[in-house]
Amino acid sequence: RDLIKMVSASEVGASIPLKIVRAGKPMNIQVKIGSTPAGPESMYAVKDQEKPQDTVTFRGMTVDDISSLHKSTYRLKSDNGVVIIDIEANSVADLSGLVPGDVILKVENQTIENKKQFDSVVSKIKGSCLVKTNRGYFVVRE
């Protein structure tokens with residue numbers, strides 16, 4: 001998350017120092033900041049930048065069923081689960097570490113196959129919940 005914040009706060013073309021570990025050895029490198037490639041926002045390049053009406057939103061994250069467009073945009077290999085297509089800045093979902101392109105596979109140990117099922121599961125949640133994604137587990141607080 002620190003890297004994302006550092007990159008988003010930098011100007012395109014700037015070089016920033018980065019400490020990494022490669023093959024078990026720490027290294028200091030300079031990284032040049034590039035422009036953002038066409039990403040999730042461009043998927044919905046429709047009038048007034050509206051997202052599809054049939055998406056589901058929960059605690060600041062918007063999810064959709066995985067389509068071929070999502071697979072291409074986020075480089076997804078699976079049809080299982082739902083994909084996060086938007087995260088509201090400083091929302092509970094944002095603070096939990098979830099990002100657009102994450103695929104939600106389970107919520108509170110219930111397998112998620114589509115956005116309708118996701119909506120049904122999250123509508124019953126009170127308090128914090130555990131979300132399993134393709135990147136691991138995240139706690140999404142209330």
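It should be emphasised that the depicted structure is a prediction, and the values quoted were computed from it without experimental measurement. (Residues numbered from 1 in each chain as written. Predicted model: local features only at pLDDT ≥ 70, side-chain atom pairs only at ≥ 80, totals over all residues. Heavy atoms only, no water.)

Draft legend 1. View of the packing of aromatic side chains. One pass over the full model with this rule turns up one aromatic pair. Residues Phe58 and Phe118 carry aromatic rings whose centres are separated by 6.2 Å and whose planes lie at 85 degrees to one another, so their mutual orientation is edge-to-face. Here Phe118 lies in helix α5 (residues 115-122) and Phe58 lies in strand β3 (residues 56-58), a separation of 60 residues in the sequence. (Phe/Tyr/Trp six-rings, centres within 6.5 Å; stacked < 30°, edge-to-face > 60°. Helix = DSSP H or I, 4+ residues; strand = E, 2+ residues; numbered from the N terminus.)

Draft legend 2. α5, seen in detail. All of the buried residues along α5 are Lys115, Phe118, Val121 and Val122. Across the axial projection of α5, the buried residues extend over an arc of 120 degrees, all falling on one side. Here the buried face of α5 lies against β3, β4 (61-65), β5 (82-87), β6 (103-107) and β7 (110-111). For α5, the N-terminal cap is Asn114; the gap from its side-chain oxygen to the backbone nitrogen of Lys116 is 3.2 Å. (Buried < 20%, exposed > 50% of the residue type's maximum accessible area, 1.4 Å probe, protein only. Arc of directions from axis to C-beta. Contact = heavy atoms within 4.5 Å. Polar contact = N/O pair within 3.5 Å; in protein donor to acceptor, adjacent residues only side chain to side chain.)

Draft legend 3. Representation of the pairing of strand β9 (residues 136-140) within the structure. Sheet analysis places strand β8 (residues 129-133) next to β9, joined by five bridges and oriented antiparallel. Bridging from a neighbouring strand, Cys129 pairs with Val140 of β9. Connecting β8 to the next strand, β9, in antiparallel fashion are two residues. (Pairing = 2+ DSSP bridges.)

Draft legend 4. Representation of the pattern of salt bridges in the model. All told, the structure shown has four salt bridges when counted by the stated rule. Residues Asp64 and Lys115 are paired through a salt bridge, measuring 3.0 Å at the closest nitrogen-oxygen approach. Of the two residues, Asp64 sits in strand β4 while Lys115 sits in helix α5, which places them 51 residues apart along the sequence. Accessibility expressed as a relative area gives 8% for Asp64, which makes it buried. Note that Asp79 and Lys71 form a salt bridge whose closest N and O atoms lie 2.7 Å from each other. Relative accessible area serves as the criterion here: at 25%, Lys71 is assigned to the partly exposed category. Through salt bridges with shared partners, a single network forms among Asp54, Asp64 and Lys115. (Salt bridge = Lys/Arg side-chain N within 4 Å of Asp/Glu carboxyl O.)

Structural measurements only, silent on function.
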